[in-house]
Amino acid sequence: YWMMGSVIILLIGAQLYHTRKANDEVYLRHLSQVEERLRLEHERDQSMSRFRRIFLLNPTALLVQTANTQAVVEVNPAFERSFGYRADQVVGLRAGALWVDEQEWQAHRKTLIERGHTDWQQRQWRRADGAAVDVLVSSELSEDQSGVLILTTVIDAPAAG
């Protein structure tokens, strides 16, 4: 009877020991995954912060819009200075409203969808005061957590001469 009880206690003890060891391994793996996720989130936040600073301080006019609706999500201060719009006037507008010729916008968009980017194209854009201005435009598709975005760079076109 005592021998049977001792064997049962040893078996229960061995089972508890192995269960505890397995739980510790799972806990350490989970802890490692949490630490890795926190590290990656920190790196992502740093990267986003750097991108934000570059976006805001860039002297070239930049425009970000969603690919599916073509609605403007954000413009940088250089865009506001170049075209006379305040950010709150442009955000939510369809980007085609900035183009003087709707067909040019559709052709630009078609090239962008097909190739993922466009080369520099000389076009006319509309300033806030309604005046048409010659510009060079280049766009690129970019993946983001919120979906596919279009980053458009706009510079003044060189004067023909």
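For the structure itself, look to the data block above.
Residues numbered from 1 in each chain as written. Predicted model: local features only at pLDDT ≥ 70, side-chain atom pairs only at ≥ 80, totals over all residues. Heavy atoms only, no water.

## Focus on the overall build of the protein
On a plain count of helices and strands, the protein comes out with four helices and five strands. Moving toward the C terminus, one meets the helices and strands of the protein in the order α-β-β-α-α-α-β-β-β. Taking 161 residues into account, the globule formula puts the C-alpha radius of gyration at 15 Å, and the protein, at 29 Å, lies well above it. Considering only C-alpha atoms, the protein reaches an extent of 105 × 30 × 30 Å along its principal axes. Of all 161 residues assigned to the protein, the portion counted as buried reaches 26%. Long-range contacts, defined here as pairs at least 24 residues apart, represent 38% of the contacts in the protein between residues at least 6 apart. In the form shown here, the protein has an accessible surface area of approximately 11,100 Å², with 57% of it arising from carbon and sulfur atoms. (Helix = DSSP H or I, 4+ residues; strand = E, 2+ residues; numbered from the N terminus. Rg over C-alpha atoms; globule rule 2.2 N^0.38 Å. Buried < 20%, exposed > 50% of the residue type's maximum accessible area, 1.4 Å probe, protein only. Contact = heavy atoms within 4.5 Å. Areas by Shrake-Rupley, 256 points an atom, 1.4 Å probe, with all protein chains shown as cover.)

## Quick word on the pattern of salt bridges
Where charged atoms from two side chains of opposite charge approach closely, those side chains can pair. Summed over all chains, the structure comprises ten salt bridges. Ionic pairing is found between arginine 115 and aspartate 119, a salt bridge with its closest N-O pair at 3.1 Å. The class of arginine 115 is partly exposed, set by a relative accessible area of 43%. As a salt-bridge pair, arginine 127 and aspartate 129 come within 4.0 Å of each other at their nearest N and O atoms. Given the relative accessible area of 59%, aspartate 129 is considered exposed. Taken together, the shared-partner salt bridges connect Glu36, Arg39 and Glu43 into one network. (Salt bridge = Lys/Arg side-chain N within 4 Å of Asp/Glu carboxyl O.)

## Section: the sheet that holds strand β3 (residues 121–126)
Read across the sheet, five strands follow the order β2-β1-β5-β4-β3 without closing on themselves; strand pairing throughout is antiparallel. The open sheet is flanked by β2 (72–75) and β3, the only strands paired with a single partner. Mean inter-strand twist for the sheet, computed between neighbouring axes without regard to direction, equals 35°. Note: strand β1 (residues 61–66) against β2, three bridges, orientation antiparallel. Residue valine 64 lies in a different strand from β2, and its bridge partner there is glutamate 74. Sitting on the sheet, helix α4 (residues 102–115) is in contact with β1, β3, β4 (132–144) and β5 (147–156), with an inclination near 30° to β4. (Pairing = 2+ DSSP bridges. Axes fitted to C-alpha atoms, helices over the stretch in contact; angles between N-to-C directions.)

## A few points about unusual backbone geometry
If you check the backbone angles, glutamine 70 has positive phi at about 60° while not being a glycine. Assignment of secondary structure puts glutamine 70 in the loop between β1 and β2.

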